[in-house]
Amino acid sequence: MFGSVQAWSRRHEKLAAVLRVAPLGALCLITAVLYAGREAPGGGVNPGVISYVGFSAALVVPLVWRDRPRLSFAIIALASFFQWVADVDPMPANMAVLIALWGVAYRCSFHWALAALLVSEVGVLLVLVNWLVPTFGMFFSGSILVVTIWLTGLYARTRRHYLEGLEERAERAERERDQQARMAAAAERARIARELHDVVAHNVSVMVVQADGAGYALDHDPEQARLAVTTISRTGRAALAEMRKLVGVLRENESAATDYTPQPGLDGLEKMVRESAVPARLRIGGSPADLPEGRQLAVYRIVQEALTNALKHGGPGVRADVEIDFTGPDLLIRVTDDGRGAAAPTSHDGHGLIGMRERVGMYGGAVSAGPLQGGGFEVLARLPMAEAA
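Heads up: these notes are all about the structure in this document.

The rules we used
Residues numbered from 1 in each chain as written. Predicted model: local features only at pLDDT ≥ 70, side-chain atom pairs only at ≥ 80, totals over all residues. Heavy atoms only, no water. Helix = DSSP H or I, 4+ residues; strand = E, 2+ residues; numbered from the N terminus. Buried < 20%, exposed > 50% of the residue type's maximum accessible area, 1.4 Å probe, protein only. Contact = heavy atoms within 4.5 Å. Areas by Shrake-Rupley, 256 points an atom, 1.4 Å probe, with all protein chains shown as cover. Core = buried A, V, L, I, M, F, W, Y, C linked by side-chain atoms within 4.5 Å. Salt bridge = Lys/Arg side-chain N within 4 Å of Asp/Glu carboxyl O. Pairing = 2+ DSSP bridges. Axes fitted to C-alpha atoms, helices over the stretch in contact; angles between N-to-C directions. Parallel < 35°, antiparallel > 145°, perpendicular 65-115°, else oblique. Left-handed = near helix turned anticlockwise from the far one by under 90°. Nonpolar A, V, L, I, M, F, W, Y, C, P; charged D, E, K, R; others polar. Expected span 1.5 Å × (residues − 1). Arc of directions from axis to C-beta.

Quick look at the overall build of the chain
Moving on, step 1. Of the regular secondary structure elements, the chain holds twelve helices and five strands.
Moving on, step 2. Looking at the chain residue by residue over its 389 residues, the buried ones come to 30%.
Moving on, step 3. In the chain, the share of contacts with a sequence separation of at least 24, taken over all contacts with a separation of at least 6, comes to 68%.
Moving on, step 4. With an accessible surface of roughly 24,700 Å², the chain has 61% of that area assigned to carbon and sulfur atoms.

Written as structure tokens, this is what we have:
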């Protein structure tokens with residue numbers, strides 16, 4: 001229940017502040033006629049109803065500004081001083097001084113809280129001097145009340161800081177726990193990835209050896225070649241089964257919404273370039289022949305990322321040219337644009353070029369990226385057309 005009230009107060013701070021002050025304001029309105037019409041016991045001036053309401057408003061309304069405790073206390077203290085100068089008797093609204101004192105002690109530093117306490121003590125002394133016959137016992141009693149409220153505010157402030165510290169430590173511990181869990185999961189995935197590499201490498205090595213033996217024995221020993229092919233088939237199935245098991249463990253957040261559509265390749269490259277947010281022209285030299293799917297995906301992603309970089313950093317009206325050349329020993333990918341080039345702001349939070357280098361590095365290629373002379377930007381990547389032996 002209290003948690004719900006606090007949450008509601010945080011969402012409606014102004015309304016909550018008004019509701020907190022409302023009881024004191026209602027008390028002042030109820031007693032307005034009584035206090036304005038009675039005879040002043042200390043010989044002071046009895047204000048009319050309008051003056052009484054005005055003094056009460058000057059004392060109570062600043063309490064609404066809970067986020068500005070020093071300003072609120074200063075206004076209430078000045079209003080109380082003018083009340084003392086005008087020789088107006090104390091009224092219920094003067095309790096606002098104690099409430100404002102508590103607010104300064106609760107929300108401000110100790111130096112401001114001490115200053116507010118001294119001002120309040122001066123106010124106690126002025127009240128005794130102007131309206132009563134002052135004695136040390138009366139001053140001591142009034143000071144006890146003021147100091148008690150002041151100490152209560154300091155205690156509430158200390159407790160608030162203590163609870164905030166506990167919450168901060170709890171949040172830090174929770175973050176560290178989550179980080180440790182992520183690190184442990186990452187270490188486990190790395191271990192599984194190493195196991196996957198060992199399994200696949202071993203089985204593929206067996207398959208290569210058996211395939212070489214089958215090719216050698218195919219002409220003069222068909223039965224031996226048949227046994228080698230059977231071993232290759234059995235080893236391949238075992239490798240696939242192990243890969244499925246280990247890759248299944250590596251998957252995170254698998255759900256029904258997981259995308260099982262085929263990865264894009266060269267077939268979708270023209271459509272991607274045509275529908276890109278950057279006006280681009282595609283030129284392809286030579287024929288891709290039987291380019292493996294992995295290399296096709298790398299080409300697609302490199303072009304996609306280069307066009308994205310042109311859109312992000314090229315500036316308004318940028319255009320791009322995409323060239324893919326299959327005629328040489330290496331597959332050449334060049335994406336150039338006519339954007340701002342070296343004048344573009346440097347970005348440190350992107351991973352596009354890193355991703356390109358990782359994709360190209362998988363196949364023993366290289367990639368370079370940089371501004372062109374005279375403006376524009378170029379991404380140049382080379383991929384070997386065939387697997388390394």
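Next, the rest of the story.
Some points on the nonpolar core
Moving on, step 1. Counting 29 residues, the largest nonpolar core has Leu63, Ile76 and Trp150 as the members making the most contacts within it.
Moving on, step 2. Broken down by secondary-structure element, the contributors of at least two residues to this core are helix H2 (13-30), helix H4 (49-60), helix H5 (69-85), helix H6 (95-107), helix H7 (110-131) and helix H8 (136-217).
Moving on, step 3. When residues of this core are assigned to their parent elements, the largest contribution, six residues, is made by H6.
Moving on, step 4. Not counting chain neighbours up to four residues away, the residues in contact with Trp150 comprise Leu101, Ala105, Phe110, Ala113, Leu114 and Leu117.
Moving on, step 5. One finds Leu269, Leu307, Val318 and Met356 within the second-largest nonpolar core, a separate group that totals 28 residues.

Regarding the pattern of salt bridges
Moving on, step 1. Enumeration over the complete set of coordinates arrives at nine salt bridges.
Moving on, step 2. Among the salt bridges present, the one from Arg177 reaches Glu174, with a minimum N-O distance of 3.9 Å. Of this pair, Arg177 and Glu174 both sit in helix H8, three residues apart, which is roughly one turn of that helix.
Moving on, step 3. For Glu174, a relative accessible area of 43% puts it in the partly exposed group.
Moving on, step 4. Across the pair Arg334 and Glu323 runs a salt bridge, and its minimum N-O distance is 3.5 Å. Of this pair, Arg334 sits in strand E3 (residues 330-337) while Glu323 is found in strand E2 (residues 320-325), placing the two residues eleven residues apart along the sequence.
Moving on, step 5. A residue is classified by how much of its surface remains accessible, and Arg334, at 24% relative accessible area, is partly exposed.
Moving on, step 6. With a relative accessible area of 26%, Glu323 lands in the partly exposed category.
Moving on, step 7. Through salt bridges with shared partners, one network takes in Arg283, Glu323, Arg334 and Glu378.

Some words on the pairing of E2
Moving on, step 1. Burial of E2 is one-sided: the residues Ala320, Val322 and Ile324 facing one way are buried, the residues Asp321, Glu323 and Asp325 facing the other way are not.
Moving on, step 2. Relative to E3, E2 runs antiparallel, the two being bridged by six bridges. Bridged to Glu323 within E3 is Arg334.
Moving on, step 3. Hairpin remark: E2 followed by E3, antiparallel, with four residues in the connecting loop.

Description of the sheet that holds E2
What holds strands together in a sheet is hydrogen bonding between their backbones, with the strands either parallel or antiparallel.
Moving on, step 1. The five strands are arranged E1-E2-E3-E5-E4 in an open sheet whose pairing can be described as mixed. Edge positions in the open sheet fall to strand E1 (280-285) and strand E4 (366-371), since each of these has one partner strand only. On average, each strand axis in the sheet is tilted by 10° relative to the strand beside it, whichever way the strands run.
Moving on, step 2. With six bridges connecting them, E1 and E2 associate as parallel partners. Among the inter-strand pairings, Arg281 is bridged to a residue of E2, identified as Asp321.

Points about the environment of Gly361
Moving on, step 1. Its place among the elements puts Gly361 in helix H12 (residues 352-361).
Moving on, step 2. Overall, Gly361 belongs to the partly exposed group, its relative accessible area being 44%.
Moving on, step 3. It is 9.8 Å that separates the C-alpha atoms of Gly361 and Arg382, two residues lying 21 residues apart in sequence.

Focus on the packing of H5 against H6
Moving on, step 1. In the contact formed by H5 and H6, the axes pass within 9 Å of each other and the chain directions differ by 155°. It follows from the interaxial angle that H5 and H6 lie roughly antiparallel. Judged by the twist between their axes, the crossing of H5 over H6 is left-handed. Along the contact surface, H5 presents Pro69, Arg70, Phe73, Ile76 and Ser80, while H6 presents Ala96, Val97, Ala100, Leu101, Gly103, Val104 and Arg107.
Moving on, step 2. Counted by class, the contact of H5 with H6 contains eight nonpolar, two polar and two charged residues.

Looking at H5
Moving on, step 1. Taking 1.5 Å per residue as the helical rise, H5 with its 17 residues ought to reach 24 Å, and the 24 Å between its terminal C-alpha atoms agrees with that figure.
Moving on, step 2. Within the sequence span of H5, burial applies to Pro69, Ser72, Phe73, Ile76, Ala79, Ser80 and Gln83. All buried residues of H5 fall inside an arc of 130° around its axis, so they share one side. Residues of H5 that are exposed and point more than 90 degrees away from the buried face comprise Leu78, Phe82 and Val85.

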